[in-house]
Amino acid sequence: MEIAAGPDRPIVDADSEAWWAAVQQRKLMVTACAACGRKSLYARPFCPHCWSEDVALSPATGRARLYTWTVVHQNAAPFDSRTPYVVAMVDLEEGPRLMTQLEGCAADDLRPDLELTAAFREDDDGFVVPVFRPLT
Ligand SMILES: [Zn+2]
């Protein structure tokens, strides 16, 4: 998978390549552990709960709840063109907590435990990133 270099692009390594490839297909994945049954993120070749290496990517439902957030009003390029934007930590239904952006909602309407669903933003260069929106 080729990703244009830039400060707003992830560093994709061997551990995260399959996860980012799924995101490009608009699929959100979590790492599922066959030994203990727990799910985790970020993508890595072992389970952070029991250290088993018997793990594989598994589709997530995309359902999540808002844990915490902040509104970014100022930032340097290339993020300045997106301000204001909401950076959030969301708890996926499967358990892992994910840092992401929220879209499609006013900051004043955010509250803890707000029900969210995964969405996918395609940037100008075609790169897809996972974001979340309020569940309607
Ligand atoms: Zn495990």
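Note that the coordinates shown come from a computational prediction; the quantities given were computed from them, not determined experimentally. (Residues numbered from 1 in each chain as written. Predicted model: local features only at pLDDT ≥ 70, side-chain atom pairs only at ≥ 80, totals over all residues. Heavy atoms only, no water.)

### Re the packing of aromatic side chains
Considering all chains together, one arrives at three aromatic pairs under this definition. Geometrically, the ring pair formed by Trp19 and Trp20 is edge-to-face, given 5.0 Å between the ring centres and 90° between the ring planes. Accessibility classification places Trp19 together with Trp20 in one group, the buried group. With centroids separated by 5.6 Å and ring planes inclined at 20°, the aromatic side chains of Phe46 and Trp51 adopt a geometry described as stacked. Residue classification places Phe46 among the partly exposed residues on the basis of a relative accessible area of 26%. Counting every residue linked through ring pairs, the aromatic cluster contains Trp19, Trp20 and Phe127. Seen from the ring of Tyr42, Arg44 lies directly overhead, with NZ or CZ sitting 4.0 Å from the centre. Above the plane of the ring of Tyr67 lies Arg97, whose end atom (NZ or CZ) is 3.4 Å from the centre. (Phe/Tyr/Trp six-rings, centres within 6.5 Å; stacked < 30°, edge-to-face > 60°. Buried < 20%, exposed > 50% of the residue type's maximum accessible area, 1.4 Å probe, protein only. Lys NZ or Arg CZ within 6 Å of the ring centre and 35° of its normal.)

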